[in-house]
Amino acid sequence: MEILVTGFDPFDGEPINPAWEAVKRLDGKVIDRQHPVHALMIPTVRYEALSAIKRGIERFDPQLMIAVGQAGGRMAITPERVAINCDDFRIPDNGGNQPEDEPVVSDGPSAYFATLPIKNIVNALHQNGIPAKVSNTAGTFVCNHLMYGVCHYA
């Protein structure tokens, strides 16, 4: 089983993105001696993010994929429950895009729910002393755009 883990490049003028800094350390690891992990940096740019992850999916053909993002001010790992079909960026992305109330996919459904067992993930993190809680929204920035777009692609 191939595993793909992604993280975004730095955005909003920040010199690094802690999500990518964590994810890139997983590249090349093998879990249980049989599950190779591939790390992929995703551009924080509307549509380019989806194109990059689709190329990664085609290249690695993963059976499991986890996209990791950064939410400034959160003091815990927060697996996302749902992504909505709405791009509404409060700040420009790295390509200067700042859509307002635009769909991610023009004819797509209103939302997609995560397929990972997010409550089990949160409980396992707690059991290991790691702060975590469920996030009920992926927001409306590129993280949501990517989650929604990947779910639609799948």
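Preceding block: the structure.
Keep in mind it's a predicted model, so treat the numbers as computed, not measured. (Residues numbered from 1 in each chain as written. Predicted model: local features only at pLDDT ≥ 70, side-chain atom pairs only at ≥ 80, totals over all residues. Heavy atoms only, no water.)

> Is there a simple way to think about unusual backbone geometry in this case?
The phi torsion of most residues other than glycine is negative, and most of the peptide bonds are trans. Of note in this structure, Asp12 is not a glycine but carries a positive phi near 55 degrees. On the basis of relative accessible area, Asp12 is assigned to the partly exposed category, the value being 46%. With a phi angle near 55 degrees, Asp32 is a residue other than glycine that sits in the positive phi range. With a relative accessible area of 59%, Asp32 lands in the exposed category. (Buried < 20%, exposed > 50% of the residue type's maximum accessible area, 1.4 Å probe, protein only.)

> Just checking my understanding: could you explain the pattern of salt bridges for this structure?
Within the structure shown, the criterion is met by four salt bridges. Residue Lys24 pairs with Glu21 through a salt bridge whose shortest N-O separation is 3.1 Å. Among the residues examined, Glu21 registers a relative accessible area of 27% and is labelled partly exposed. With a closest N to O distance of 3.7 Å, Glu80 and Arg74 form a salt bridge. (Salt bridge = Lys/Arg side-chain N within 4 Å of Asp/Glu carboxyl O.)

> Just checking my understanding: could you explain the pairing of strand E3 (residues 35-42) for this structure?
Most of E3 sits out of view: six of its eight residues are buried. Strand direction decides the pairing type here: strand E1 (residues 3-8) and E3, joined by six bridges, are parallel. What sits directly across from Thr6, in E3, is Leu40. Pairing analysis gives two bridges linking strand E2 (residues 30-31) to E3, with the strands arranged antiparallel. (Helix = DSSP H or I, 4+ residues; strand = E, 2+ residues; numbered from the N terminus. Pairing = 2+ DSSP bridges.)

> I would appreciate a short explanation of the pairing of E1 in the present structure.
Sheet faces and side chains relate simply in a regular strand, where the side chains alternate between the two faces. In terms of residue burial, E1 counts as a mostly covered element, since six of its six residues are buried. Both faces of E1 are covered, namely the face carrying Ile3, Val5 and Gly7 and the face carrying Leu4, Thr6 and Phe8. Bridge count for E1 against strand E4 (residues 64-68) is five bridges, and the pairing is parallel. Each residue of the ladder has a partner; that of Ile3, found in E4, is Leu64.

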